[in-house]
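Now for the letters of each chain:
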Amino acid sequence: MSAVAPYQPGLEGIVAAQTRLSHVDGQEGALILAGYRVEEIAPVAEFEEIVYLLWHGSLPTPTELETLRQELAAWRTLPGATVDLLAAAARERLPAIDALRMAAGTLDLELPAAMHVDAKLGIAVLARMPSIMATYWRLRQGAEPVPPDPALGHAANYLYMLCAEPPSPAAVRGLETYLNTVADHGLNASTFTARVIVATRSDIVSAITGALGALKGPLHGGAPGPALDMVFEIGDPARAEAYLRAKLEAGERLMGFGHRIYKVRDPRAEVLAAAARTFYTASADKRELYALAAAVEATAVRLLAAYKPGRNLQTNVEFYTALLLHGLGLPTELFTPTFAIGRAAGWVGHALEQIATGRLIRPAAHYTGAVDRCWVDIAARTAAA
Ligand code: ACO
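Quick caveat: nothing in here was measured; it's all calculated off a predicted structure.

## Some words on the packing of aromatic side chains
Geometry of an aromatic ring pair is reported as the spacing of the ring centres plus the angle between the planes.
Here comes step 1: As enumerated under the stated definition, the model contains four aromatic pairs in all.
Here comes step 2: A centroid spacing of 6.0 Å and a plane angle of 40° characterise the contact between Tyr280 and Tyr290, whose relative ring orientation is tilted. Linking Tyr280 in the loop between helix H13 (267-279) and helix H14 (284-307) with Tyr290 in helix H14, this pair joins segments that are 10 residues apart in sequence. Take Tyr280 and Tyr290: they sit in the same class, and that class is buried.
Here comes step 3: Centroid distance Phe319 to Tyr320: 5.1 Å. Interplanar angle 85°. Geometry classified as edge-to-face. Accessibility assignment for this pair places Phe319 and Tyr320 in one class, buried.
Here comes step 4: One aromatic cluster is present, built from ring pairs that chain together Phe257, Tyr280, Tyr290, Phe319 and Tyr320.

In C-alpha cells form, the structure reads like this:
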C-alpha cells in the first residue's frame, strides 16, 4: 500500500499541479503571469494578448494576435437554444451568475465538428461567455439583446452588448485592465475544479461549468458585490469604525479582505485601485465614493489586525474589483459573472495544460466513521425500535 500524507484541511500548502501559467507569491505579494508581473502588463495589454500568453506561453506576434481576435469574434453569436434558456431564466429573474452557469452547459451547441476539439472549444467558450451575460442582462431588463460586433475586441464588445452603444476608450481600458488582472491566479478553487474535471478525460465545457459553480461562492468570486454593499451601507468615513467593529464583534467576515495565499496586500488590489482612481476623479460625488472606500479599507485592515492578530488579513482583489466595476457602470449582480469572463482565460489554459500533461486527480481521505459493525436487517431493527 502506498504511503498516505497527513490530512491537510483545505489542501493548504499541498502542491497538486505543475503549471507555467501563473505564480502567486503570498509572502512577497507578487503575481506573475507567464513571466510578467501583473502590475506591468495588466494596465497596458489587450485581453486577447493575455489570453494568448496564458495559452501559448509567449506574447503573440501581430499575426497571431489578429488570428485570435478573429477567431474569438467569429464564435460570439449564441445558439438559439442558449438564448431560449436565458429567456426562461430571465422570466424567473434568476441571479445572473446562475444564468451564466446554466447557459455555460450549452456552449458546445451549434458548433461544426472541427470545433469539437479541446483547444477550439476553449475559444468558443471564451468568445460566448460575454454574449451570454450581456444577453441575459438585457433580457432581465426587458430590453432586446444586442448582436455582437465582430469589429470590436473582447472587452469592448462585452460593454457594447450590455449597453447597446459604443463604449468609451477609457471604459474599454478599465475593463481590459480588470479582465487581465483576474485572468489567472495559480491553483485557486475554481481553476482546481476545472483541472479535476478534465483530468477524468471529461471535456472543456464541463470544466468551465464546474469552475463557474466553484467561483460563485462568497469565499471565492462572490465577494465583490457584498464588499460594495458594505461601503454603501457605511456611507460616511466617520461611521466605518463602528460599523466594522460591530461586524467583527458578531464574528462576521469582512468581504474583500483576507486571502489563503497572500499575507500582504494582494498585488491585484493595487492594479485595480489605480484603474478605479481614473474613474473617480471625474466628478465630486465620485471622488467622495473613492475616498470613502479608501477610508473603509484602511479602517478594516487596522481592525482586522486588532481582532485577528497574527493572521495578516489584508485587502484582496475583490475590494477594488467592486469599486472599479461600479465605476465602469456595471450593476453589482454582474461583478462575479464578469470575474468569470476574465478567469475563463485561465480556466481554459489550465484545462489544456492538464489534458496535455496531467494524470487523473484523485486524492485520498482519512476515514473517520465507524468500523466493525454487523448488519441488522429491517425486521430486527423494527422490533428493536
Ligand atoms: N474578515 C474577518 N475575519 C477573517 C477574514 C475576514 N475577511 N478572513 C479570515 N478571517 C479570520 C477567520 O475567521 C479565521 O479566524 P479564527 O482563526 O479566529 O477562526 C482566520 O482569519 C483565518 O481564516 P481562514 O478561514 O483560515 O482563512 P482562509 O485562508 O481559509 O480564508 C478567505 C481565506 C476565504 C478568502 C477568507 O479570508 C475570507 O473569508 N475572506 C472574506 C471573503 C472574501 O473576500 N473572498 C474573496 C477572496 S479572493 C478570491 O477568491 C478571488
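## Things to note about the sheet that holds strand E3 (residues 36-37)
Picture the strands of a sheet paired through backbone hydrogen bonds; they go either parallel or antiparallel.
Here comes step 1: Overall, antiparallel pairing links the three strands, which are arranged E1-E2-E3 in an open sheet. If you trace the sheet from one side to the other, it starts and ends with strand E1 (22-25) and E3, each paired once.
Here comes step 2: Bridge count for strand E2 (residues 30-33) against E3 is two bridges, and the pairing is antiparallel. Bridge assignment links Leu33 to a residue of E3, and that residue is Tyr36.

## So, the site of the ligand
Here comes step 1: By nearness alone, 22 residues border the ligand, and Arg253, Leu254, Phe257, Arg260 and Arg311 come closest of all.
Here comes step 2: Taking Leu254, its main chain carries an N or O atom lying 2.8 Å from a nitrogen atom of the ligand.
Here comes step 3: Arg260 is positioned with one of its side-chain polar atoms (N or O) 2.8 Å from an oxygen atom of the ligand.
Here comes step 4: Calculation on the ligand without its partners gives an accessible area of 920 Å², and the protein chains cover 78% of this total.
Here comes step 5: Under a 2 Å grid-point criterion requiring more than half of the atoms, the pocket assigned to the ligand is the largest pocket.

## Some points on the packing of helix H5 (residues 96-104) against helix H10 (residues 204-215)
Here comes step 1: One can describe the packing of H5 onto H10 by two numbers: an axis separation of 9 Å at closest approach and a directional angle of 165°. The angle between H5 and H10 places the two elements in the roughly antiparallel class. Crossing handedness for the pair H5 and H10: left-handed. Counting all contacts with H5, which are made through Ile97, Leu100, Arg101 and Ala104, the residues of H10 involved are Val205, Thr209, Leu212 and Gly213.
Here comes step 2: Looking at the contact of H5 with H10, its residues break down into five nonpolar, two polar and one charged.

## A short note on the layout of surface pockets
Here comes step 1: There is about 1900 Å³ of room inside the largest pocket.
Here comes step 2: Split by domain, the lining of the largest pocket shows at least three residues from each of two domains, domain 1 (22-221 + 332-357) and domain 2 (224-327).
Here comes step 3: Approximately 810 Å³ is the volume found for the second largest pocket.
Here comes step 4: Secondary-structure elements contributing two or more residues to the lining of the second largest pocket are helix H9 (189-199) and helix H16 (335-357).
Here comes step 5: Along the lines of polarity and charge, the residues of the lining of the second largest pocket split into 17 nonpolar, seven polar and three charged.

## Details of empty space enclosed by the protein
Here comes step 1: Enumeration according to the criterion identifies one cavity of 30 Å³ or more in this entry.
Here comes step 2: For the largest cavity, the calculated volume is near 30 Å³.
Here comes step 3: In this structure, the largest cavity is lined by Ala227, Leu228, Val231, Ala293, Phe319, Ala322 and Leu323.

Here is what the cut-offs are and how they apply
- Residues numbered from 1 in each chain as written.
- Predicted model: local features only at pLDDT ≥ 70, side-chain atom pairs only at ≥ 80, totals over all residues.
- Heavy atoms only, no water.
- Phe/Tyr/Trp six-rings, centres within 6.5 Å; stacked < 30°, edge-to-face > 60°.
- Helix = DSSP H or I, 4+ residues; strand = E, 2+ residues; numbered from the N terminus.
- Buried < 20%, exposed > 50% of the residue type's maximum accessible area, 1.4 Å probe, protein only.
- Pairing = 2+ DSSP bridges.
- Near = heavy atom within 4 Å.
- Polar contact = N/O pair within 3.5 Å; in protein donor to acceptor, adjacent residues only side chain to side chain.
- Areas by Shrake-Rupley, 256 points an atom, 1.4 Å probe, with all protein chains shown as cover.
- 1 Å grid on protein atoms, 1.4 Å probe; cavity = no way out; pocket = protein on both sides within 12 Å on 5 of 7 lines; lining within 4 Å.
- Sits in = over half its atoms within 2 Å of the grid points.
- Axes fitted to C-alpha atoms, helices over the stretch in contact; angles between N-to-C directions.
- Parallel < 35°, antiparallel > 145°, perpendicular 65-115°, else oblique.
- Left-handed = near helix turned anticlockwise from the far one by under 90°.
- Contact = heavy atoms within 4.5 Å.
- Nonpolar A, V, L, I, M, F, W, Y, C, P; charged D, E, K, R; others polar.
- Points joined across faces, edges and corners; volume = space filled by probe spheres on them.
- Domains from an automatic or database assignment.

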